[in-house]
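What the coordinates show
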Amino acid sequence: MLSSTEAAWMVSYEVMGGPLADASVWRGALLWAIALYVPLSAPLSKLESSLEDSELPESVRQPTLVISSLLLALVTGVVTQLGFSWALGPGWASSLGVVAVGWSVLLILANTGKDD
């Protein structure tokens, strides 16, 4: 015999609750992860240089660098999206993420012209 709480849980099909259950938070987090990847490249370059100096084989170094860079970008994106969602609302935070992606692309394109 199921209790009323267990029956309600089974009917709702809800696996995860809270702010991370909202799909717009994850879309915004991915936008912020893309937008903040360029500014996060400085700490990642330090990690890359420390991995080059280590005694790890190349087959371990490259996956370590890729996984750590993806995790750093995703965690930063989630934290940024949750912060802006709290302050502005999820829709505005995601829209601001789109603007940040555009700004990052603009900065990258502006920097490529200076290297010549």
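So, a few notes on the structure that sits alongside this text.

Scoring rules and cut-offs
Counting from 1, residues in each chain are numbered in the order their sequence is written. Per-residue local features are limited, in this predicted model, to residues with pLDDT of at least 70; the limit for side-chain atom pairs, both in listing and counting, is 80 or more; totals at the level of whole chains, interfaces and linings are taken over all residues. Neither water nor hydrogens contribute to the side-chain values; these are computed over all heavy atoms in the structure. By definition, any uninterrupted DSSP run of H or I lasting at least four residues is a helix, any uninterrupted run of E lasting at least two residues is a strand, and each is numbered from the N terminus. For patch building, the residue pool is restricted to those with more than 30% relative accessible area and no salt bridge; the joining distance is 9 Å between like charges and 5 Å between nonpolar side chains (Val, Leu, Ile, Met, Phe, Trp, Tyr). The Shrake-Rupley method, run with a 1.4 Å probe, gives the accessible areas here. Residue values count only the displayed protein chains as cover. Basic side-chain nitrogens of Lys or Arg form a salt bridge, by our definition, when they fall within 4 Å of a carboxyl oxygen of Asp or Glu. Burial status follows relative accessibility: with a 1.4 Å probe on protein chains alone, a residue under 20% of its type maximum counts as buried, one over 50% as exposed, and anything between as partly exposed. For helices, the fitted axis covers only the stretch in contact; all axes are lines through C-alpha atoms, and the angles between them, taken along N-to-C directions, range from 0 to 180 degrees. Throughout this description, any angle smaller than 35 degrees is read as roughly parallel, any larger than 145 degrees as roughly antiparallel, any in the 65 to 115 degree range as roughly perpendicular, and the remainder as oblique. In this scheme the handedness of a crossing depends on how the near helix is turned from the far one: anticlockwise by less than a right angle means left-handed, clockwise means right-handed. The contact definition used throughout considers only heavy atoms, calling two residues in contact when any of these lie within 4.5 Å. Three categories are distinguished: nonpolar for Ala, Val, Leu, Ile, Met, Phe, Trp, Tyr, Cys and Pro, charged for Asp, Glu, Lys and Arg, and polar for the others, with Gly belonging to the last.

**Notes on the environment of Val 79**
With respect to the secondary-structure elements, Val 79 resides in helix α4 (residues 58-88). Here the alpha-carbon distance between Val 79 and Ala 29, two residues 50 residues apart in the chain, equals 7.7 Å.

**Some thoughts on a nonpolar patch on the surface**
Taken together, Phe 84, Leu 88, Trp 92, Leu 96 and Val 99 make up a surface patch of nonpolar side chains, about 510 Å² in accessible area. Within the residue set of the nonpolar patch, elements represented by two or more residues are α4 and α5 (90-114). In terms of residues, the nonpolar patch owes the most to one element, α5, which gives three residues. Examined against the element boundaries, Leu 88 turns out to sit in helix α4.

**Observations concerning the environment of Glu 48**
Relative to the elements of secondary structure, Glu 48 occurs in helix α3 (residues 41-53). Note on Glu 48: relative accessible area 37%, which makes it partly exposed. On a C-alpha basis, the gap between Glu 48 and Leu 65 in space is 6.7 Å, while along the polypeptide they are 17 residues apart.

**Digging into the packing of α3 against α4**
Their axes nearest at 11 Å, the elements α3 and α4 cross at an angle of 160°. The orientation of α3 relative to α4 falls into the category roughly antiparallel. The chirality of how α3 crosses α4 is right-handed. Contact residues: Leu 44, Leu 47, Glu 48, Leu 51 and Glu 52 in α3; Arg 61, Thr 64, Leu 65, Ser 68, Ser 69 and Leu 72 in α4. Partitioning the contact of α3 with α4 into residue classes produces five nonpolar, three polar and three charged.

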